[in-house]
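Read off the chains here:
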Amino acid sequence: MKLSNSPTPTDRRSGAPASKASGGKASGGKATAGSSSGGARTLALRALRTWAEGATNTVAEALDGLRATGPDAALARELALGAMAQRRLYDHLSDRFLRPGRQSDLLRDCLRVMAHQLFALDRIPPHAAVGESVQALRSAGEPQLTGVANAVGRKLAALRQAERTGPGPLGRLAAADIPTELGIRHSLPDALIDDLRSVWPHADEDACLAALNHLPPLCTRTRPGCAPLPGHPLRTEGEWSWWEDPAEALALVTEGRCMVQDRTQGEVAEITRVRPGERVLDLCAAPGGKTRALLDRQADVIAADSNLAKVHLLAKDPALRQRLVVQDGMRPAFAPGSFDVVVVDEFHHAEAATYRQLLDHLRPRELLGLTATPKDEVDHNTYGLFHLGRPS
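Residues numbered from 1 in each chain as written. Predicted model: local features only at pLDDT ≥ 70, side-chain atom pairs only at ≥ 80, totals over all residues. Heavy atoms only, no water.

Enquirer: Can you help me understand the environment of threonine 50 in this one?
Expert: Looking at the element boundaries, threonine 50 is found in helix 1 (residues 38–52). Once residues within four sequence positions are removed from consideration, threonine 50 is found in contact with Ala55, Thr56 and Ala62. In terms of polar contacts, threonine 50 uses its side chain to reach the backbone carbonyl oxygen of arginine 46, at 2.8 Å. (Helix = DSSP H or I, 4+ residues; strand = E, 2+ residues; numbered from the N terminus. Contact = heavy atoms within 4.5 Å. Polar contact = N/O pair within 3.5 Å; in protein donor to acceptor, adjacent residues only side chain to side chain.)

Enquirer: Is there a simple way to think about the sheet that holds strand 3 (residues 240–243) in this case?
Expert: Paired through their backbone hydrogen bonds, the strands of a sheet run either parallel or antiparallel. Here we have four strands laid out as an open sheet, ordered 2-3-1-4, and antiparallel in their pairing. The sheet terminates laterally at strand 2 (235–237) and strand 4 (258–260), the two strands that pair on one side only. With strand direction ignored, the average angle separating the axes of adjacent strands in the sheet is 25 degrees. The pairing of strand 1 (residues 218–222) with strand 3 spans four bridges and is classified as antiparallel. Across the sheet, leucine 218 pairs through a bridge with tryptophan 243, a residue of strand 3. Seen against the sheet, helix 11 (residues 246–254) touches strand 1, strand 3 and strand 4 and runs at an angle of roughly 125 degrees to strand 4. (Pairing = 2+ DSSP bridges. Axes fitted to C-alpha atoms, helices over the stretch in contact; angles between N-to-C directions.)

Enquirer: Whenever I open this one, the nonpolar core confuses me. Can you help?
Expert: Among soluble globular proteins, nonpolar side chains are generally buried collectively. Counting 45 residues, the largest nonpolar core has Leu107, Phe119 and Leu156 as its most contacted members. At the level of secondary structure, the elements contributing two or more residues to this core comprise helix 1, helix 2 (59–65), helix 3 (70–85), helix 4 (87–95), helix 5 (105–120), helix 6 (126–139) and helix 7 (146–159). Counting residues per element, this core draws most heavily on helix 5, which supplies 10 residues. Counting 16 residues, the second-largest nonpolar core is a separate cluster that includes Leu281, Ala304, Val325 and Val342. (Core = buried A, V, L, I, M, F, W, Y, C linked by side-chain atoms within 4.5 Å. Buried < 20%, exposed > 50% of the residue type's maximum accessible area, 1.4 Å probe, protein only.)

Enquirer: Just checking my understanding: could you explain the packing of aromatic side chains for this structure?
Expert: We describe a pair of aromatic rings using the distance from one ring centre to the other and the angle between the two ring planes. Overall, the coordinates contain one aromatic pair when judged by the stated rule. Arranged with centres 5.0 Å apart and planes meeting at 90 degrees, the rings of phenylalanine 334 and phenylalanine 339 form a pair that is edge-to-face. Taken as a pair, phenylalanine 334 and phenylalanine 339 share a single burial class, namely buried. The ring of tryptophan 242 has arginine 235 sitting right over it, with the charged end atom 4.7 Å from the ring centre. (Phe/Tyr/Trp six-rings, centres within 6.5 Å; stacked < 30°, edge-to-face > 60°. Lys NZ or Arg CZ within 6 Å of the ring centre and 35° of its normal.)

Enquirer: Hey, could you run me through the side chain of arginine 185 in this one?
Expert: Checked against the element boundaries, arginine 185 lands in helix 8 (residues 182–185). Side-chain polar atoms of arginine 185 contact the side chain of aspartate 206, separated by 3.0 Å. Setting aside its immediate chain neighbours within four residues, arginine 185 contacts Leu89, Leu170, Ile178, Pro179, Thr180 and Asp206.

Enquirer: Would you explain the packing of helix 6 against helix 7 in this entry?
Expert: Two quantities define a packed helix pair, namely the angle between the helix axes and the distance between the axes. One way to put it is that helix 6 packs onto helix 7 with a least axis distance of 9 Å and a crossing angle of 160 degrees. Taken together, the axes of helix 6 and helix 7 lie roughly antiparallel to each other. In terms of crossing hand, the pair formed by helix 6 and helix 7 is right-handed. Across the interface between the two elements, Pro126, Val130, Val134, Leu137 and Arg138 of helix 6 pack against Thr146, Ala149, Asn150, Gly153, Arg154 and Ala157 of helix 7. In terms of residue class, the contact of helix 6 with helix 7 is made up of six nonpolar, three polar and two charged. (Parallel < 35°, antiparallel > 145°, perpendicular 65-115°, else oblique. Left-handed = near helix turned anticlockwise from the far one by under 90°. Nonpolar A, V, L, I, M, F, W, Y, C, P; charged D, E, K, R; others polar.)

Enquirer: So what exactly am I meant to see when it comes to the pairing of strand 8 (residues 341–344) here?
Expert: Two faces make up the sheet, and in a regular strand the side chains alternate between them. Judged by which residues are buried, strand 8 turns out to be covered on both faces: Val341 and Val343 on one side and Val342 and Val344 on the other are all buried. Bridging between strand 5 (residues 279–282) and strand 8 involves three bridges; their strand directions are parallel. Bridging across to strand 8, aspartate 282 finds its partner in valine 343. Relative to strand 9 (residues 366–369), strand 8 is paired through four bridges, and the arrangement is parallel. Across the sheet, residue valine 341 finds its bridge partner in strand 9, namely glutamate 366. Handedness of the crossover joining strand 8 and strand 9 through helix 15 (residues 353–362) is recorded here as right-handed. (Right-handed = clockwise from strand over helix to strand, strands pointing away.)

Right, dumping it as structure tokens:
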């Protein structure tokens, strides 16, 4: 089973219809603060539209496709992903100031991006959040909507409390402005909430749902041979560190002293107790974290994946470039007994004939099966394929 060993999550923050509000001109022009980030709003809107039009599977993929770098890219990612994560709440707040009926998709995206700055990001002044978002809407080719966006933005800014009273966007709203419906308050589908009610503790529904919108601290693994990391991590356990400020951690990544990696990926190398020089076949290699962890233990690793696009992503890492194989694990390209350790994903299917054919062919000394399927739903016959532990 995949295990989660993350510390307590922290909050994401770092700290053509007419409007009910009377028109007004778009604030446009140069904002007195934050003007250097104006391009971030344009990038965020472009990514949201790219995803909505079906050109990518996720908003994150759309952001990657823009190939932006620097502070604008970081802010654009926060704005686009935050607008998506909280869109039900932000739409509810904006609807108070819009006439009923369908709104322009681009206007909706603009108001969501604007609301995320106002209620979730404390360092952006309200006038810059509204003004630069309106300017991004104009740049996106919808100048006729800037008056509406500006008027609604000013109304939203008036809802923003001067002092934060709690985490996330709700912490910037007065109690009277916080929605009473759980799904709207936490921007989650009602069907999901109905399903969760059967398993969550009944003591505090709000706390359980709020946790779903929190991001865990960034986790890094110190590279072999490097000294303990400087700075101010929230927590350190051996080679693993968790950071509240991603920028502090990423500066150390750039220096080559550590790499961003989820703690659970490191557990793969720890569970196998792979020895230097042992040959390992990772049949679920993408995105490469497990492979890097095994390489850093001086194992001789081959990274295999059947998805050519994922293999291209793996090839961007120089350490992996000469160790990649595009193959279907059900038709292995290696001779029997070629590997000491084999790592296989989706292992709750291991009793299937195709899986047994794979295992009978490879015959590794050690097999590590990964699955995210709950234990009670795994065929118990699967456990018979494993031996418990190995000699030290």
